[in-house]
Amino acid sequence: MTRHDDTLPKETFGRLRRHMSPALALSGKFAGQGEVEVSGEGCEVVLSDGRRALDFGSYAVTLLGHRYPAVVDAVRGQLEAMPVSTRTLSSPLAAAAAEEVVTYLDSPLRRVYFGTNGADAVEVAVKLARLVTGRSTVVAVRGAYHGKTMGALALTSHERFRTGLEPLLGGVQHVDPADGDAVRRAAAAGDLAAVVFEPVQGENGVVPLDTEVLRRWSDDAKRAGAFVIADEIQVGLRRAGERSLSLAAGLPVDAVLLGKPLGGGVVPVSAAVCTQELYQPLIEDPFRHTATFGGQPLCMAAVPAALRAVEAHADNGARVSKALETLLKDLRARFPDVLTAVRGRGLIWGVDFATPEYAGETVVGLAQRGLLVSPCLSRPGTLRLLPPLIATEADVRRAVLLLADTVEAARRTIGGRRPGEVA
Ligand SMILES: Cc1ncc(COP(=O)(O)O)c(C=O)c1O
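Attention here is on the structure that accompanies the text. (Residues numbered from 1 in each chain as written. Predicted model: local features only at pLDDT ≥ 70, side-chain atom pairs only at ≥ 80, totals over all residues. Heavy atoms only, no water.)

Moving on, we get to the overall build of the protein chain. The number of helices and strands found in the protein chain is 16 helices and 16 strands. Computed over its C-alpha atoms, the radius of gyration of the protein chain comes to 22 Å, within 12% of the 22 Å expected for a compact globule of 423 residues. Dimensions of the protein chain, computed from C-alpha atoms along their principal axes, come out at roughly 60 × 50 × 45 Å. For the protein chain, with 423 residues in total, the buried portion stands at 52%. (Helix = DSSP H or I, 4+ residues; strand = E, 2+ residues; numbered from the N terminus. Rg over C-alpha atoms; globule rule 2.2 N^0.38 Å. Buried < 20%, exposed > 50% of the residue type's maximum accessible area, 1.4 Å probe, protein only.)

Neighbouring residues of the ligand: Asn117, Gly118, Ala119, Tyr145, His146, Gly147, Glu198, Asp231, Ile233, Gln234 and Lys260. The contact in question runs from an oxygen atom of the ligand to an N or O atom on the backbone of Ala119, over 2.9 Å. Asp231 places a polar side-chain atom, nitrogen or oxygen, 2.6 Å from a nitrogen atom of the ligand. Coverage of the ligand by the protein chains reaches 83% of its 390 Å² of free accessible surface. Its residues assigned to classes, the shell around the ligand comprises three nonpolar, five polar and three charged. (Near = heavy atom within 4 Å. Polar contact = N/O pair within 3.5 Å; in protein donor to acceptor, adjacent residues only side chain to side chain. Areas by Shrake-Rupley, 256 points an atom, 1.4 Å probe, with all protein chains shown as cover. Nonpolar A, V, L, I, M, F, W, Y, C, P; charged D, E, K, R; others polar.)

Moving on, we get to the packing of aromatic side chains. In the structure shown here, the tally under the stated rule is one aromatic pair. The ring of Phe161 has Lys148 sitting right over it, with the charged end atom 4.6 Å from the ring centre. The ring of Tyr104 carries the charged tip of Arg243 above its face, separated from the ring centre by 4.6 Å. (Phe/Tyr/Trp six-rings, centres within 6.5 Å; stacked < 30°, edge-to-face > 60°. Lys NZ or Arg CZ within 6 Å of the ring centre and 35° of its normal.)

Attention shifts here to the environment of Leu214. The residue Leu214 is located in helix H9 (residues 211-223) in this model. You can call Leu214 buried: its relative accessible area is 3%. Separated by 22 residues in the primary sequence, Leu214 and Gly236 place their C-alpha atoms 16 Å from one another. If sequence neighbours within four positions are ignored, Leu214 has contacts with Phe197, Pro199, Leu209 and Leu251. (Contact = heavy atoms within 4.5 Å.)

Once that is clear, we can look at the nonpolar core. Among the nonpolar cores identified, the biggest contains 86 residues, and Phe114, Phe197, Trp217, Leu328 and Phe353 are the most heavily contacted of them. In terms of residue count, helix H16 (residues 393-415) provides more of this core than any other element does, nine residues in total. Summarising the domain contributions, this core has at least three residues from each of domain 1 (7-64 + 313-415) and domain 2 (69-312). Ranked by size, the runner-up nonpolar core spans 30 residues in total, among them Leu128, Phe227, Leu257 and Ala272. (Core = buried A, V, L, I, M, F, W, Y, C linked by side-chain atoms within 4.5 Å. Domains from an automatic or database assignment.)

On to the side chain of Thr156, then. In this fold, Thr156 is placed in the loop between helix H6 (150-155) and helix H7 (159-162). The class of Thr156 is buried, set by a relative accessible area of 0%. Excluding its chain neighbours within four sequence positions, the residues that come into contact with Thr156 are Ala144, Tyr145, His146, Gly147, Phe161, Arg162 and His174.

Considering the arrangement of structural elements, one finds Phe197 in strand E7 (residues 192-197). Apart from residues no more than four positions distant in its own chain, Phe197 is found in contact with Val141, His146, Leu209, Leu214, Trp217, Ser218, Val228, Ile229, Ala230, Asp231, Leu251 and Val253.

With that settled, the discussion passes to the pairing of strand E14 (residues 348-353). Side chains on a regular strand alternate between the two faces of the sheet. Burial analysis of E14 places six of its six residues in the buried class, which makes it a mostly covered element. The pairing of strand E13 (residues 339-345) with E14 spans six bridges and is antiparallel. Residue pairing for E14: Gly344 is matched across the bridge by Trp349. Hairpin geometry of E13 and E14 is characterised by an intervening segment of two residues between the two adjacent antiparallel strands and by a positive phi of about 55° at Gly346. Two strands pair when backbone bridges link them, and E14 and strand E16 (residues 382-385) are joined in this way by four bridges, in the antiparallel orientation. Along E16, the bridge assignment pairs Trp349 with Leu385. (Pairing = 2+ DSSP bridges.)

This next bit is on the sheet that holds strand E2 (residues 44-47). Hydrogen bonds between backbone atoms are what pair the strands of a sheet, whose relative direction is either parallel or antiparallel. With mixed pairing, the seven strands of this open sheet are ordered in space as E1-E2-E3-E15-E16-E14-E13. The sheet is open, and its two borders are formed by strand E1 (37-41) and E13, each paired with just one other strand. Taking each pair of neighbouring strands and ignoring which way they run, the sheet shows an average axis angle of 30°. Together, E13, E14 and E16 form the strand contacts of helix H14 (residues 314-334), whose direction differs from that of E13 by roughly 170°. Where H16 meets the sheet, its contacts fall on E2, strand E3 (52-56), E13, E14, strand E15 (371-375) and E16, and the angle it forms with E3 comes to roughly 100°. (Axes fitted to C-alpha atoms, helices over the stretch in contact; angles between N-to-C directions.)

This part takes up the sheet that holds strand E10 (residues 227-231). Here we have seven strands laid out as an open sheet, ordered E4-E12-E11-E10-E7-E5-E6, and mixed in their pairing. Strands at the two margins of the open sheet, each flanked by one partner only, are strand E4 (111-115) and strand E6 (172-175). Each neighbouring strand pair of the sheet contributes to a mean axis angle of 20°, computed without reference to strand direction. Across four bridges, E7 lies against E10 in parallel orientation. Residue pairing across strands places Phe197 opposite Ala230, the latter belonging to E10. Across the sheet, helix H4 (residues 92-105) touches E4, strand E11 (255-258) and strand E12 (270-274), and the angle it forms with E4 is around 120°. Of the strands in this sheet, strand E5 (137-141), E6, E7 and E10 touch H9, which is tilted by about 160° from E7.

This is how it looks when you write it as structure tokens:
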């Protein structure tokens with residue numbers, strides 16, 4: 001849709017208010033200054049009044065930017081041929097995508113389940129671990145985010161999403177990320193099915209977990225006959241530099257979960273890439289866990305094109321990452337009263353603000369100035385910068401200049417208010 005007239009935003013906000021959530025209308029209206037998104041290309045999106053914004057957000061989906069040409073071509077080709085599968089006949093697309101993912105990770109993980117959302121991959125991995133072990137305890141990490149379906153939510157730790165829904169899936173224990181003995185203790189009861197972790201907790205504010213703690217947990221889980229599941233839905237596929245952080249660190253994982261950019265920023269795809277042992281229930285009965293739209297040809301067509309593109313731009317991503325790190329650290333030194341920390345790896349950076357109010361003012365101010373970033377829903381004082389692999393150093397400089405202007409403006413606005421006063 002490329003219509004640039006003023007009826008579209010009005011209709012959109014009205015419909016959102018009437019038929020979806022008024023809060024969605026309000027936050028989108030603020031961010032777009034009364035306009036809506038209409039198209040995207042590369043690192044930029046176009047708003048309904050023709051303004052362009054640099055997209056360093058999109059919740060980590062647009063690792064290749066918007067409408068990456070080779071992915072669009074692959075999906076368009078499949079749209080013309082056969083977008084949906086009969087699920088009775090075999091689809092060559094899913095088979096080829098599975099082989100491509102396995103080859104890409106180049107590891108003992110040789111079996112693939114395809115889903116649509118990240119939570120699908122989490123659900124299936126936990127189900128498989130329970131089925132194979134016949135046990136029910138799952139260790140997850142405090143601060144973890146694994147999605148919001150009822151099963152995945154049991155592993156997600158933030159109260160904001162859990163409140164009012166308990167009891168969730170039983171047997172999940174959340175452990176302290178620094179507690180190297182946690183899995184050994186959890187395993188002592190003899191019921192441990194799996195340990196699940198994000199090597200870098202994205203939604204929790206871009207918090208890298210200690211690799212040596214993860215190694216101890218993994219070794220202890222293996223010793224106890226339990227599975228090790230690395231959720232790299234947000235940080236895998238070169239977002240944080242490596243194809244898979246856990247495999248690159250030599251952790252003995254039984255599954256790596258992928259999602260978000262796996263569909264090349266064009267279609268929704270997720271995957272649980274598993275060892276033969278973990279996948280065994282699906283070898284015996286592939287209908288034990290299915291979803292109508294999992295592995296559909298339209299989405300599968302994107303996967304090989306996306307993985308090849310990610311590799312083609314990996315070196316550029318590493319260069320851009322270094323530039324961004326330097327600029328963000330300089331910015332933090334310039335505004336120590338507002339920016340309390342910056343952390344990250346590769347192309348995922350978290351910026352901590354002195355208060356959630358500062359972060360809120362900044363995310364809206366940035367959108368208004370032409371830079372989109374992603375808030376952390378479970379850590380409202382932190383913003384995530386998620387540049388695409390195709391970003392240039394000039395894009396990154398432009399983004400950090402906009403951030404500097406916005407922080408300065410937020411400091412004038414908020415710094416001028418009395419404590420507790422609201423705008
Ligand atoms: C690490 C991680 N796991 C799982 C999910 C859930 O993915 P989805 O929202 O696609 O279900 C997310 C989403 O942000 C995530 O960051």
